[in-house]
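Now for the letters of each chain:
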Amino acid sequence: MLINVQNLVKRYGSLLALDHFDLQVSEGEIVGLLGPNGSGKTTAINCILSLLKYDKGTIEVFGKPMAPDAYELKRNIGIVMQNVAVFDELRVDENIDYFCGLYVRDPGTRRRLVEEAIDFVGLGEFRKFHPKKLSGGLLRRLNIACGIAHKPKLLILDEPTVAVDPQSRNSILEGIRELNREGTTVVYTSHYMEEVEQLCTRIVIMDKGKTLATGTNGELKSMINDGETISVELYVLQPEDLAQIRQLPHVTRAHYADNRLSVHYDGGQHNLLRLLDYLKSRELSFNRVFSEQPTLNDVFLEITGRQLRD
Amino acid sequence: MFMHVFSYRLKCLLRDRETVFWTLIFTLLLATLYYFAFGHLTGEQERFDPVRTAVVDSPAYRGDVRFQQVLASLSEPGENQLLELTVADEQQAERMLENGSVAGMITVGESIGLVVKQSGIEQSILKAILDEYAHTTKTVVGILAKNAGAAQQLISELGDRKGYTEQISFSDAVPDTILGFFYALIAMACMYSGFWGLRNAIDVQADLSARGARRSVAPIHKLGVVLADAAAALAVSFAEVLILIAYLAFVLRINFGNQIGYVLLTCFVGCIAGVSFGGFIGTVVRGNEGVKTGILIGASMTMSFLAGLMWVGIKDIIARKAPVLSYINPAALISDAFYSLYIFDSHRRFFVNIGMLCLISAIMCAASFMRLRRERYASV
């Protein structure tokens, strides 16, 4: 077990930021901490890194108690902060070299690692730029390079894609996958469910400092009753047709409003075919058809009664 | 590791243009401004020009040999020349007075008279000379009327006037109040080193900056980072103050005496005090970076004001009303260390100032370290 957090409690005055929070991370995993803003993700990370005092609980990293002076443990941890943590006065290559140098003493090794980090995040042509000259996406890449240059065994990324353009976001996510393939265990916090769904091998859904659910993407979605939802644009639908549709196999509910028919299923196969066959048999003309699988937002909604982005 | 952190810190600080402006360029500009504002008080214009005077040539004047001798002695060329005398007939003297080529016209008759066209310093000097002559003449005549035997002694004492106060110099230097402004300016430059100390404090604390957080999770001892950062800040601020000193000494020709070693020591200890002060504000004062910067600027300027940056007279007021302030104000101690080097041959007062600066710096460093040594934060 690379990270083992048990029963962690952290208070900010009267606010309970972490409420008996547990987290276990095994080697080779990409664990996603998913939750809305203020759910306690960053607080949990800062406690794990020994930046924050906490009121109760135990934190072990690499099987040993984590402490501010646990330098041997820290040597194998990489951190990518939510806020970009670089020096504006240093160039891209100097920033990476500086932070890498806090972990790696040998100048030759450091030079090689810096070059690899620059290549990894694709900042080769910007290596002599100062951070203020970089776009938001490139700046985030630099922030990541500063956290990974020393090749940590455990990499913690706290919302690394906030305010990043889609192209840079995809590049960042692909880079994290590659690091994981090379053997780095990753803890990734985000409130973007799509990112967590795409990236993480295991997901921890958090809210109000508590762990609400843990599992793989499929395991979490199977926890809720909803299956796919099929939506059809059609101009006319008689109430008796709607009643018939509700009788189709696996339909849990169906409604028609604003020229749009929405049909929810609890599972089953060939649901779309069956629905379209019915509409054709009734000679109902329709336009576009959509099929949506349940999302982690549906899971969050089912558990908390709130949207993930509320 | 120390050299790695130190060298990059040095780069960061030297490339921080905004802070370099306030800690170096601003002080150079202020020095130049002071030079042009006060330079005329110490320059060529301070030299006294003799008062141009016309004496009306008349039988009475030619008959008053003593008065002629007095005027001749006051007109002798040299550093003490008081009058530039022209003997002319009455019409010519009046023309000279009219066209302004003389400040006054002296007439000798039954009594000695002065005719001026306007009032001013030169005219006042002429009047003071004639009043003094008339007063002395009257005194001598009165004494001789009462005691004719005292004539010999009186004549010898008239030529040998005694002063009953004595000006004492503690060194070869000439006291110069204008220097006080420049010393206070150097003190301000030293206190502005606090900007570097403040930046260090912010960049090392996880609850003040993301950089601080990233450095806090690195596998290095915090004290090592703090010392490397402080050494870089001290190097930059000392270099800046040396540039200021060189500018004052070699470009503006400000006299620092001939004790360059002590001058450098004062600058170095002053920079330590400045960096410590910035670190103290950055760690002990609660608030965000803006609040801390505001407090640093306000405190530095207040200390510099109390050290005589804007008005030298404030030092006298503090010496009389609240002397303790002079011993706890680092800017006043720096300024006074320079002044004591310039004025006194003894170094006692200088070392008292340096000692107090070291003590204050040590207290501020200790207080900062007590805050910095915390390993976990209540909030980040």
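Residues numbered from 1 in each chain as written. Chains lettered and ligands numbered in written order. Predicted model: local features only at pLDDT ≥ 70, side-chain atom pairs only at ≥ 80, totals over all residues. Heavy atoms only, no water.

## Notes on the interface of chain B and chain A
Phase 1 of the analysis: Across the contact, 30 residues belong to chain B and 39 residues belong to chain A.
Phase 2 of the analysis: Here chain B meets chain A over a buried area of about 3100 Å², counting both sides, of which 61% is carbon and sulfur.
Phase 3 of the analysis: Of all residues in chain B, Arg214, Pro219 and Arg376 of chain B bury the most surface against chain A, accounting for 27% of the area lost on that side.
Phase 4 of the analysis: Applying the counting criterion to the chain B and chain A interface returns 3 salt bridges.
Phase 5 of the analysis: Between Lys11 of chain B and Glu94 of chain A there is a salt bridge, and its shortest N-O distance comes to 3.4 Å.
Phase 6 of the analysis: Between the two partners, chain B and chain A, sit 13 residue pairs in polar contact (both at pLDDT 80 or more).
Phase 7 of the analysis: Looking at the side of chain B that touches chain A residue by residue, the classes come out as 14 nonpolar, 4 polar and 12 charged. (Contact = heavy atoms within 4.5 Å. Buried area = accessible area lost by both parts, 1.4 Å probe. Salt bridge = Lys/Arg side-chain N within 4 Å of Asp/Glu carboxyl O. Polar contact = N/O pair within 3.5 Å; in protein donor to acceptor, adjacent residues only side chain to side chain. Nonpolar A, V, L, I, M, F, W, Y, C, P; charged D, E, K, R; others polar.)

## Points about the sheet that holds strand β5 (residues 64-65) of chain A
Phase 1 of the analysis: Read across the open sheet, the 4 strands follow the order β2-β1-β4-β5 (chain A); overall the sheet is antiparallel. Since the sheet does not close on itself, it has two edges, and those belong to β2 (15-25) and β5 of chain A, each with one partner. (Pairing = 2+ DSSP bridges. Helix = DSSP H or I, 4+ residues; strand = E, 2+ residues; numbered from the N terminus.)

## Let's talk about the environment of Val291 of chain B
Residues and elements named next belong to chain B.
Phase 1 of the analysis: Examined against the element boundaries, Val291 turns out to sit in helix α13 (residues 289-306).
Phase 2 of the analysis: When its relative accessible area of 39% is taken as the criterion, Val291 is described as partly exposed.
Phase 3 of the analysis: Once the C-alpha coordinates of Val291 and Ile281 are considered, the two residues, 10 residues apart in sequence, prove to be 9.8 Å apart. (Buried < 20%, exposed > 50% of the residue type's maximum accessible area, 1.4 Å probe, protein only.)

## Description of the nonpolar core
Burial of nonpolar side chains together is a common tendency in soluble globular proteins.
Phase 1 of the analysis: Core analysis: the biggest nonpolar cluster contains 165 residues, and Leu23 and Ile96 of chain A together with Ile186 and Phe256 of chain B have the highest contact counts within it.
Phase 2 of the analysis: At 14 residues, the largest contribution of residues to this core is made by helix α8 (residues 177-192) of chain B.
Phase 3 of the analysis: The residues contacting Ile96 of chain A, other than those within four sequence positions of it, are Val114, Ala117, Ile118, Leu142, Ala145, Cys146 and Ala149 of chain A.
Phase 4 of the analysis: Counting 17 residues, the second largest nonpolar core, distinct from the first, contains Leu234, Leu237, Leu276 and Leu284 of chain A. (Core = buried A, V, L, I, M, F, W, Y, C linked by side-chain atoms within 4.5 Å.)

## Describing the pairing of strand β9 (residues 202-207) of chain A
Residue and element names in this part refer to chain A.
Phase 1 of the analysis: Counting buried residues along β9, 6 of its 6 residues qualify, which places the element largely inside the surrounding structure.
Phase 2 of the analysis: Here β9 shows two buried faces, one formed by Arg202, Val204 and Met206 and the other by Ile203, Ile205 and Asp207.
Phase 3 of the analysis: The sheet contact formed by strand β3 (residues 30-34) and β9 spans 4 bridges and is parallel. Looking across to β9, one finds that Val31 is bridged to Arg202.
Phase 4 of the analysis: In this structure, β9 lies alongside strand β10 (residues 210-215), joined through 5 bridges in antiparallel fashion. Counterpart to Ile203 in the pairing with β10 is Gly215.
Phase 5 of the analysis: Connecting the antiparallel pair β9 and β10 is a turn made up of 2 residues, with Lys208 showing a positive phi of about 50°.

## Focus on the packing of aromatic side chains
Phase 1 of the analysis: Summed over the entire model, instances satisfying the criterion amount to 20 aromatic pairs over all chains.
Phase 2 of the analysis: Ring centres of Tyr98 of chain A and Phe99 of chain A lie 5.1 Å apart, and the angle between their planes is 80°; this geometry places the pair in the edge-to-face category. Of the two residues, Tyr98 of chain A and Phe99 of chain A, both sit in the buried class.
Phase 3 of the analysis: Residues Tyr34 of chain B and Phe182 of chain B carry aromatic rings whose centres are separated by 6.2 Å and whose planes lie at 80° to one another, so their mutual orientation is edge-to-face. Residue Tyr34 of chain B is located in helix α2 (residues 17-42), and its partner Phe182 of chain B is located in helix α8; the two are separated by 148 residues in the primary sequence. (Phe/Tyr/Trp six-rings, centres within 6.5 Å; stacked < 30°, edge-to-face > 60°.)

## Regarding helix α14 (residues 313-321) of chain B
Phase 1 of the analysis: Taken together, the buried positions of α14 of chain B are occupied by Gly313, Ile314 and Ile318 of chain B. Down the axis, α14 of chain B shows its buried residues gathered within 140° of arc, on one side only. (Arc of directions from axis to C-beta.)

## Some words on a negative patch on the surface
Residues and elements named next belong to chain B.
Phase 1 of the analysis: Together, Asp89, Glu90, Glu94 and Glu98 give the surface a local cluster of negative charge.
Phase 2 of the analysis: Mapped onto the elements, Glu94 comes out in helix α5 (residues 90-98).
Phase 3 of the analysis: Residue classification places Glu94 among the partly exposed positions, given a relative accessible area of 39%. (Patch = residues over 30% accessible without salt bridge, like charges linked within 9 Å, V, L, I, M, F, W, Y side chains within 5 Å. Areas by Shrake-Rupley, 256 points an atom, 1.4 Å probe, with all protein chains shown as cover. Lys, Arg positive; Asp, Glu negative; His and termini not counted. Charge placed at Lys NZ, Arg CZ, Asp CG, Glu CD.)

## Section: the domain arrangement of chain B
Phase 1 of the analysis: Partitioning chain B into structural domains gives domain 1 (2-42 + 174-372) and domain 2 (50-158).
Phase 2 of the analysis: Between domain 1 of chain B and domain 2 of chain B, the C-alpha centre-to-centre distance is 57 Å. (Domains from an automatic or database assignment.)

## Details of the environment of Tyr98 of chain A
Phase 1 of the analysis: Within the secondary structure, Tyr98 of chain A is located in helix α3 (residues 92-101).
Phase 2 of the analysis: Look at Tyr98 of chain A and you get buried, because its relative accessible area is 2%.
Phase 3 of the analysis: Put simply, Tyr98 of chain A and Thr216 of chain A are 118 residues apart on the chain and 37 Å apart in space, counted from C-alpha to C-alpha.
Phase 4 of the analysis: The contact partners of Tyr98 of chain A, leaving out residues within four places of it in the chain, are Phe87 and Leu90 of chain A together with His4, Val5, Tyr8 and Arg215 of chain B.

## Topic: the pairing of strand β13 (residues 260-265) of chain A
All names here are of chain A.
Phase 1 of the analysis: With respect to burial, β13 is a largely interior element, 5 of its 6 residues being buried.
Phase 2 of the analysis: Here 5 bridges tie strand β11 (residues 229-234) to β13, and the two strands are oriented antiparallel to one another. Bridge pairing in β13 links Val232 to Leu261.
Phase 3 of the analysis: Summarising the sheet, strand β12 (residues 251-257) and β13 pair through 6 bridges and their orientation is antiparallel.

## Notes on the pattern of salt bridges
Phase 1 of the analysis: Tallied over the entire structure, the rule returns 29 salt bridges over all chains.
Phase 2 of the analysis: Across the pair Arg199 of chain B and Asp16 of chain B runs a salt bridge whose closest N-O atoms are separated by 3.1 Å. Of the two residues, Arg199 of chain B sits in helix α9 (residues 194-204) while Asp16 of chain B sits in the loop between α1 (2-14) and α2, which places them 183 residues apart along the sequence. For the residue pair Arg199 of chain B and Asp16 of chain B, the accessibility class agrees, reading buried in each case.
Phase 3 of the analysis: Note that Asp336 of chain B is salt-bridged to Arg349 of chain B, the shortest N-O span being 2.6 Å. Taken together, the positions of Asp336 of chain B in helix α16 (residues 330-343) and Arg349 of chain B in helix α17 (residues 348-372) put the pair 13 residues apart, joining distant regions of the chain.
Phase 4 of the analysis: With a relative accessible area of 38%, Arg349 of chain B lands in the partly exposed category.
Phase 5 of the analysis: Each of the salt bridges in this network shares a partner with another, and the network as a whole consists of Glu89 of chain A together with Arg9, Asp16, Arg199, Asp203, Arg211, Arg215 and Asp229 of chain B.

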